[in-house]
Each structure stands twice: as C-alpha cells, then as structure tokens.
Amino acid sequence: MDTGLPMDMNPIDSVSQQDMANAIRALTMDAVEAAKSGHPGMPMGMADVATVLWTRFLTFDPTKPDWADRDRFVLSAGHGSMLLYALLHLTGYEDMTIEELKRFRKLGSMTAGHPEYGHASGIETTTGPLGQGLANAVGMALAERILAEQHGSALVDHYTYVMAGDGCLMEGISHEASSLAGHLKLGRLIVFVDDNATTIDGMTDLASSEDLQRRYEAYSWHVQHIDGHDHEAITHAIKLARKSDQPSLIVCKTTIGFGAPTKQGTASAHGAPLGHDEVAAARRALSWPHQPFVIPAEIKQAFEQAGARGREVRQSWERRFIEMDIATRAKFGRSQAGGLCDSWRLALEEHCRKLVEDKPAMASREASQAALEILTQSAPNIIGGSADLTGSNMTKTEATLAIAAGDFAGRYIHYGVREHAMAAIMNGIALHKGLVPYGGTFLVFSDYARHAIRLSALMGLRVIYVLTHDSIGVGEDGPTHQPVEHLASLRAIPNLDVYRPADAVETAECWALALTRRDGPSVLALSRQTLPAVRTAHCVDNLSERGAYVLAEADGRRALTLLATGSEVAIALDAKERLETAGFPTAVVSMPCQERFEQQADDYKAFVLGSVPRLAIEAASPFGWTRYVDSEEDVIGMAGFGASAPADDLYQHFGITADALVERALLKIDQTDVQPRNHLRAVA
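All values derive from a computational prediction rather than experimental measurement. (Residues numbered from 1 in each chain as written. Predicted model: local features only at pLDDT ≥ 70, side-chain atom pairs only at ≥ 80, totals over all residues. Heavy atoms only, no water.)

What follows deals with the packing of helix H16 (residues 419-432) against helix H17 (residues 446-459). Close contact between H16 and H17 brings their axes to 6 Å; oriented N to C, the two are set at 20 degrees. The pairing of H16 with H17 is recorded here as roughly parallel in orientation. In this structure, H16 uses Glu419, His420, Ala423, Ala424, Asn427 and Leu431 to contact H17, whose residues at the interface are Tyr448, Ala449, His451, Ala452, Leu455, Ser456 and Met459. Here the contact of H16 with H17 is built from residues that sort into 8 nonpolar, 4 polar and 1 charged. (Axes fitted to C-alpha atoms, helices over the stretch in contact; angles between N-to-C directions. Helix = DSSP H or I, 4+ residues; strand = E, 2+ residues; numbered from the N terminus. Parallel < 35°, antiparallel > 145°, perpendicular 65-115°, else oblique. Contact = heavy atoms within 4.5 Å. Nonpolar A, V, L, I, M, F, W, Y, C, P; charged D, E, K, R; others polar.)

Shown next as structure tokens:
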C-alpha cells in the first residue's frame, strides 16, 4: 500500500507541516510541565519526522484502531511517550482526550510515563526498557510476512515503523533483533533513529564511537542519513525505504529538545521538565502563541485528515474481505481472534489416553515434542522456534517447516543464539495478532531473555516459553547449565504461569493450558532426563488445570503430605511407599503450576494440602516454598550451585532422593508427635 501524499499536498493548505510539528512540541512541553516529570527532549526532537510519517505515510484509522491491516507504529524510545500521546490525540483517537494529556503520569491515567499496551487505543506495545520495542517490531514485521503468505496480500499488506533512540541501539538486544531482521530480509520494517547524540550522562561519545551505517549495512539493512528536521528529506527517505527489499534504517540527525532556546541540544532536555521560563521562551522561538493545551482547530483538523485517509483504505480493505469466500473469511477471522481449530482438543485427549495405556518413560522435553506434533498439525497459526537449540529443546515438528529469507511459508523460526531477541520478537508476533508463538532455550538461559519475559507478563500476551534442561538433571554440562534459582525467580514474575510437569500426561495437559490462556504467558520447564509415568489412570478432566492435585492419596488417615514438581514427583511416590510401610499414611501432591493453584478456592487448597505436616521436594532453590511448608528446612532442594557429573550421581550427591525425603519426613513426624499407624519405625 503506497499511500504517501506528494510533497506539495498538505492535509489543509493553510496549515504548514511545521505548525503541525510544533503542536506536538507544545503538547509535550505542557504535559511534562504539568506533571513536573517526564522526557520532553525526544518528542520535541522527533516531532518533524513523526508529523511527516503520520500525515503522509502511516495507514491507520482512529475509528477502527484494531483494524487488522493497519500499519504498526512502535515508539521504541518509550521515554518519549508524549510524542505518541500527542499524535493519538491530534489524529482523532477518541479515548486520547486533551484531559488525558493533562493527566500525564498521574495515577489511573491512560498517559503513563512510558506507553503501556492496553491503556489506550493506538499503543501497539509497552516500551521504555530500551531496545525492546525495536525487537517487538521485528516480530510484528515477521508476523506480517507470515500472515501474508498464509492469507494473501489482499488481506495482509502493511508496514511496521519504529522510532528508536541512541540508547535503543546501544542495548545488546538491538544487535540480536536487527541481525535476524536483516538475515530474513524484512523489507516492510522501517526504523527511524533519533540521532541526537545525547544520553542521560551527556553526549554519546562518552561511551560510543561506532559507525552506525557500517554496522547496519553489515546486518544487510538499507541505511540512509537525513536531517531529521527537513520535511522534504524525511519524505524522500521514507519513499526510498518503502521500495527496498531490505529492512531500512533512517538515521535522523536531530536536536534534542528542539525549540527550547537554552536547553536544546543538551542532556538537560532529556528527562526533566524544561521549566516555566524555558517553556515560555520556546513558545516564542517556535512562534506558538497559544495557551497550554490549546490546539488551533485548523491544526487539529489537518491531523485528523490523515486518519480520514486511512479510513478510506480500511473501508476498501473491508469491501475486499466481504467479497471473499466464507472459508477464507472464517480462517482469517479465527486467526485474528486468536482461535485454534477445535480438532486439537480431541486429538490431545486421545493422545493422553494412549499415554496412560502405554505408560512410556520419557523426558518431559520428549513428551512436549509429542504433544507439539499433534498441536501444530491441528492449528496452523501456532508458530515455533528455538534459540539454536532445536534438537535439545525438541521444539520442531513435521508440520513446522523452517522460515527463511524470502520464504515465509514455514512455521518455524531459527532465532540463532539470540535468546533475548527471541523472547521480544515473540512478544511482537503475539502483539500483531494472528499467530501464537512458542520458542525454546535452556531454562538456565532464560536469564538472557528475562526482561522480555517480564514484558510478556506485563502486557498479558499469549507467548509460550519452552525451557528445557530444567535442573541438575542436565548432568555433565555442569553448574553453568544447571538452573537452581530460575524456577523461583520466574515464579516471582506476576502474571506468568510456570509449569513443571511430572510426566508425559502432565506435559500434554500443561500444553493445553498454555495454549488456551489468553491473558498471559506460560513457561514449560522440561527435563532432559527420562521420567517414569506417574499418571496411570485416564481422567477426562485436565488435572493440571488447578495447579496442584492429589496424585496419590494416603492409605488411611493422612499423617503427612509430600509436595513435588516435575522429576521429583516420582521420588516423592517412592518415599510415600516407604513411609506407608513404616505406618505413616502419606499423600503425594503433584504441583505442576503454583500460580494456578494460588487461584483456587480456599476449600480446594485446604483439601489438597491437608492439615497434617508437609514437606516439599524440588531440585531447585527452596525459595518460595514457604507458602506451603513451615520453613525452607522442610524442602528437599538445592542450597547452592550444581556440579559436573552424570545426573544420577548428582541427585545422590545433593541429597535429592527418596532416602533423604524419608529421613526428613521422620524428623518432621517426630517434631509433631505423630504416631505410626502400626507403631513401627522401620522403613523398608
């Protein structure tokens, strides 16, 4: 869609684009001044670029902000949020009123300090942590190409635009994401760099002297340098970028805080109000005589005409859509709504039934791949990938062919050794809508991706992280590859479901739960080592759905409850047998997801946990288990890092065994004066 207006055509002839850009600057100064907090420099510096892009090129419709084929605009430099809020207000987004701009950075406002997805229409992603938005945009641009291949260019044909700052390109994630974007030739991705040479500490040459052009040309990007205040140069650069089959970087030389007489071009314009006197002087310098938050009607109308142009494009798209056959419309509508074909449920249920019959011993990563074979065959909008650990994560299936440059018919992304970018790109894919992404790496390497995982949770995105090699069961690779603190740290992230299944049936159940969750991400922590089958009776219900359940009830009135996850559930079952023999009726609770368990009613939780003494076993840090046991002394776990040795030897060495659990149980029983059923203390 080439909808760029010719250079000599203004939305309203009497309104100059300079006046329109100054409207953005004025609203920015006023809002930051009213809040006594904020970042005026970036919006004032990039107002010219934003005005040209939004009024001449960006295809959007404020009356239908979620229209599927709109262009995406990502403000990666999220500290400059007033740039986006001003544009949304000026172009006619109904919910972004002038009152909301006056409430900038106030509790409960739509105009948060950094743009937050879901707070207001037109905010495509949550940004602020530098570089994340750029990587999200790579995911959006990739989703656009995949969906165009699946549904045709008559339905999917749009651009992804990004505004990034010097800081975004300093962050390591920019290297990971930009390298992959260049490799895949994502020509619908256009990034504007606010090259104001200024950071919080001072000028960028304090810490950076790289040649940005050569860097991005090495990534196979199309690179241009322009004056970011020259509207004609901006227009020409965008036209050239839209013709390239490579992703484009437009380096815009700008002045931070443009228009502020004494603070422009300095670090003091970056992250603090300009001050009353400087704002007044800037008004004079910009020939802007209007009162705070007052926008002349003709300027507002000129911005709104840009939205009207997009409305015409959207209406034309809708006419094409209506003329398509029912099957095509249904397929596209289902994918945009995040729906999955119903057949996957029946197929997965039959898969679980067979697992119960066959009772296979397998690593949960193998069980995950078996479940994925069924799911990816049934649901074509599931998109997989791995950060160069495909064979280890077991994330590729027969239905997910690899995506390559110029070939987006596949459904599997080889991210390379780029865990951070993988997670942020999956966020972008989920934000775009139409696809459900999952990606794999080792659990220990989730630290590389942690901030993007946190943003998945903050935005409530359906992103699935397949994190294998989940404990000291990794074995010989040693402590650098053996996660210890990771389960606890991931469980600490709000709105993130962390699953650690005990066998193949639980793994399939956890996949079903992750796929059907629409309001947040999921982690599947999966074993490298083989696990025995612990679910030996078929159940129509998904027992993992409630987060924890009684896997094996006590033989008689409960004397003890053992809580376990993943590979340690089988150890708990072994310990139960010994304790039962000793006369202590013991229940084993499998707890694949603490987050889901916490959402259950109190009476259910009380039933599962029981009122008797409890112990927990998990080959990880005991941190966090005191919600369910009296103290960390009641947890068989890891007090420090692992070691390099075969997995079985490590479990013995660190005391993650049935013997240790029984010993701790008997000590606990002594402390609580529980009498054995048969008054025997011998343990088989």
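Still more to cover.
This part covers the environment of Ser621. Position of Ser621 relative to the elements: it lies in the loop between strand S15 (614-617) and strand S16 (635-636). Take Ser621: its relative accessible area is 16%, and that puts it in the buried class. Once the C-alpha coordinates of Ser621 and Leu524 are considered, the two residues, 97 residues apart in sequence, prove to be 17 Å apart. Setting aside anything within four residues of it in sequence, one finds Ser621 in contact with Val484, Glu485 and Met638. Here Phe623 takes part through its backbone nitrogen, which lies 3.1 Å from a polar atom of the side chain of Ser621. (Buried < 20%, exposed > 50% of the residue type's maximum accessible area, 1.4 Å probe, protein only. Polar contact = N/O pair within 3.5 Å; in protein donor to acceptor, adjacent residues only side chain to side chain.)

Look at helix H9 (residues 231-243): 19 Å from first C-alpha to last across 13 residues, which is about the 18 Å you get at 1.5 Å a residue. If you check which residues of H9 are buried, you get His231, Ile234, Thr235, Ala237, Ile238, Ala241 and Arg242. When H9 is viewed along its axis, its buried side chains cluster within an angular range of 165 degrees and face the same direction. Residues of H9 that are exposed and angled more than 90 degrees away from the buried face: Glu232 and Lys243. Where H9 is buried, its residues meet helix H1 (17-35), helix H2 (41-57), strand S2 (160-165), strand S3 (189-195), strand S4 (222-227) and strand S5 (248-253). The N-cap of H9, judged by a side-chain oxygen 3.0 Å from the amide nitrogen of Glu232 a few residues on, is Asp230. (Expected span 1.5 Å × (residues − 1). Arc of directions from axis to C-beta.)

On the basis of which strands lie adjacent, the open sheet formed by 5 strands has the order S1-S2-S3-S5-S4 and parallel pairing. At either margin of the open sheet sits one strand with a lone partner, and together these are strand S1 (72-75) and S4. Put simply, the sheet's adjacent strands are angled 20 degrees from each other on average, direction ignored. Where S3 meets S5, 6 bridges bridge the pair, whose relative direction is parallel. Along S5, the bridge assignment pairs Val191 with Leu249. Against the sheet, H9 makes contact with S2, S3, S4 and S5, and its axis sits at roughly 175 degrees relative to S4, the strand it touches most. (Pairing = 2+ DSSP bridges.)

The strand order across the open sheet built from 5 strands is S12-S14-S13-S15-S16, with neighbouring strands paired in mixed fashion. Strand pairing shows two members of the sheet lacking a second neighbour, strand S12 (549-552) and S16, which therefore form its edges. Pairing between strand S13 (residues 560-564) and strand S14 (residues 586-590): 5 bridges, direction parallel. Note that in S14 the partner of Thr561 across the bridge is Ala587.

A separate point is the pattern of salt bridges. Inspection of every chain in the model, using the stated rule, returns 31 salt bridges. Between Arg535 and Glu509 there is a salt bridge; the shortest N-O distance is 2.6 Å. Taken together, the residues Arg535 in the loop between strand S11 (522-526) and S12 and Glu509 in helix H19 (residues 504-516) connect sequence positions 26 residues apart. Pair check on accessibility: Arg535 and Glu509 agree, each one buried. Between Lys668 and Asp630 there is a salt bridge, with the nearest N and O atoms lying 2.8 Å from each other. Of this pair, Lys668 sits in helix H24 (residues 658-672) while Asp630 sits in the loop between S15 and S16, placing them 38 residues apart in sequence. Residue Lys668 is classed as buried on the basis of its relative accessible area, which comes to 6%. Take Asp630: its relative accessible area is 65%, and that puts it in the exposed class. One salt-bridge network, held together by shared partners, links Asp61, Lys64, Arg311, Arg314 and Glu318. (Salt bridge = Lys/Arg side-chain N within 4 Å of Asp/Glu carboxyl O.)

This part is about the packing of helix H5 (residues 132-151) against helix H12 (residues 326-336). Contact geometry of H5 with H12 gives a least axis separation of 11 Å together with a crossing angle of 155 degrees. It follows from the interaxial angle that H5 and H12 lie roughly antiparallel. Crossing geometry of H5 relative to H12 is assigned as right-handed. Within the contact between the two elements, H5 uses Leu147, Gln150 and His151 and H12 uses Lys331, Phe332, Ser335 and Gln336. Split by residue class, the contact of H5 with H12 holds 2 nonpolar, 4 polar and 1 charged. (Left-handed = near helix turned anticlockwise from the far one by under 90°.)

A separate point is the environment of Phe73. Mapping Phe73 onto the fold places it in strand S1. C-alpha of Phe73 to C-alpha of Leu661: the two residues are 588 residues apart in sequence and 55 Å apart in space.

Moving on: the state of the cysteines. Tallied over the entire structure, the rule returns 0 disulfides. In this structure Cys352 is not part of a disulfide, and its nearest cysteine sulfur, from Cys510, lies 10 Å away. Take Cys352: its relative accessible area is 11%, and that puts it in the buried class. No disulfide involves Cys539; its sulfur sits 10 Å from the nearest other cysteine sulfur, which is in Cys352. (Disulfide = S-S within 2.5 Å.)

So, on to the packing of aromatic side chains. Summed over the entire model, instances satisfying the criterion amount to 19 aromatic pairs. With a centroid separation of 5.7 Å and 15 degrees between ring planes, the pair formed by Phe442 and Phe445 is classed as stacked. Here Phe442 and Phe445 have matching classes, each one buried. Aromatic pair Tyr604 and Phe607: ring centres 6.5 Å apart, planes at 45 degrees, arrangement tilted. Residue Tyr604 and its partner Phe607 are located together in helix H22 (residues 602-609), separated by 3 residues, close to a single helical turn. Within the aromatic cluster, the residues linked to one another by ring pairs are Phe597, Tyr604, Phe607, Trp625 and Tyr628. Positioned above the aromatic ring of Tyr604 is the side chain of Arg546, whose terminal nitrogen or guanidinium carbon lies 3.7 Å from the ring centre. (Phe/Tyr/Trp six-rings, centres within 6.5 Å; stacked < 30°, edge-to-face > 60°. Lys NZ or Arg CZ within 6 Å of the ring centre and 35° of its normal.)

The quantities given are spatial measurements derived from coordinates; they are silent on function.
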